[in-house]
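Observations on the three-dimensional arrangement
If you want the building blocks of each chain, they are given just below.
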Amino acid sequence: MDGLEQEFLQLSWKLHPDNFVNTDEGEREISLQRSSRLNDAYRVLKDPVARVEYLLELEGMRKEGEHKQQAPPELLEEVFELNESLDELREAKSAGANLDALTIKLRAAEKNFGEKLHEVDAEMKTAAQQWDAALDANTSETDREAILQRLNELLNRRSYIRNLVAGVEKELQAASC
């Protein structure tokens with residue numbers, strides 16, 4: 001990651017379409033395509049989550065729609081309580097009841113799950129660094145597969161928590177209308 005930006009800037013300059021204004025149409029088109037792919041690749045590699053998603057896809061461990069999200073076991077109780085609170089909020093809103101206490105409770109849950117999301121991001125960053133180190137050290141395939149499995153688990157947990165936070169935000173916005 002340290003040399004990513006420097007490499008990107010060097011390749012951007014080399015592939016930039018302005019360098020090909022005096023060439024034929026085909027070379028200009030190829031330059032434009034390569035420059036576009038380079039920009040896309042840089043965006044993916046710069047974003048830690050997108051980078052892990054791409055890595056897992058390359059390694060055949062993540063295919064769209066293949067893995068059904070399940071609540072991480074350590075969060076089951078909190079998820080159950082959250083869903084109960086969301087149901088209570090919907091019922092209270094439809095009944096015209098006061099939503100203040102439920103809103104405070106859900107804001108606290110939203111903050112709690114937001115903190116968990118940051119924790120998962122930190123764990124994912126560490127696991128991604130372990131992957132990079134494993135590649136640099138040419139470690140065994142078994143060790144690399146274990147890291148990939150850990151990255152996949154973390155990405156699934158992150159996705160689940162992110163969806164919970166988004167769901168809470170959506171319900172709180174709906175309740176305030």
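A few points about the side chain of E171
Tracing the sequence through the fold places E171 in helix α6 (residues 141-176). With residues near it in sequence (within four places) discarded, E171 still touches L86, L89 and R90.

A look at unusual backbone geometry
Even without being glycine, N138 reaches a positive phi, approximately 55°. Tracing the sequence through the fold places N138 in the loop between α5 (100-136) and α6.

Overview of the pattern of salt bridges
Counted according to the given criterion, the structure contains 10 salt bridges. Between D40 and R43 there is a salt bridge, and its shortest N-O distance comes to 2.5 Å. Separated by 3 residues within a single helix, D40 and R43 lie in helix α2 (residues 25-46), roughly one turn from each other. One salt bridge in this structure joins D121 and R158, with 2.6 Å as the shortest N-O distance. You can see D121 sitting in helix α5 and its partner R158 sitting in helix α6, a full 37 residues away along the chain. Classification of D121 as partly exposed rests on a relative accessible area of 25%. On the accessibility criterion, R158 (13% relative accessible area) is buried. One connected set of salt bridges, linked through shared partners, spans D87, R90 and E171.

Scoring rules and cut-offs
Residues numbered from 1 in each chain as written. Predicted model: local features only at pLDDT ≥ 70, side-chain atom pairs only at ≥ 80, totals over all residues. Heavy atoms only, no water. Helix = DSSP H or I, 4+ residues; strand = E, 2+ residues; numbered from the N terminus. Contact = heavy atoms within 4.5 Å. Salt bridge = Lys/Arg side-chain N within 4 Å of Asp/Glu carboxyl O. Buried < 20%, exposed > 50% of the residue type's maximum accessible area, 1.4 Å probe, protein only.

These figures capture arrangement, not role.
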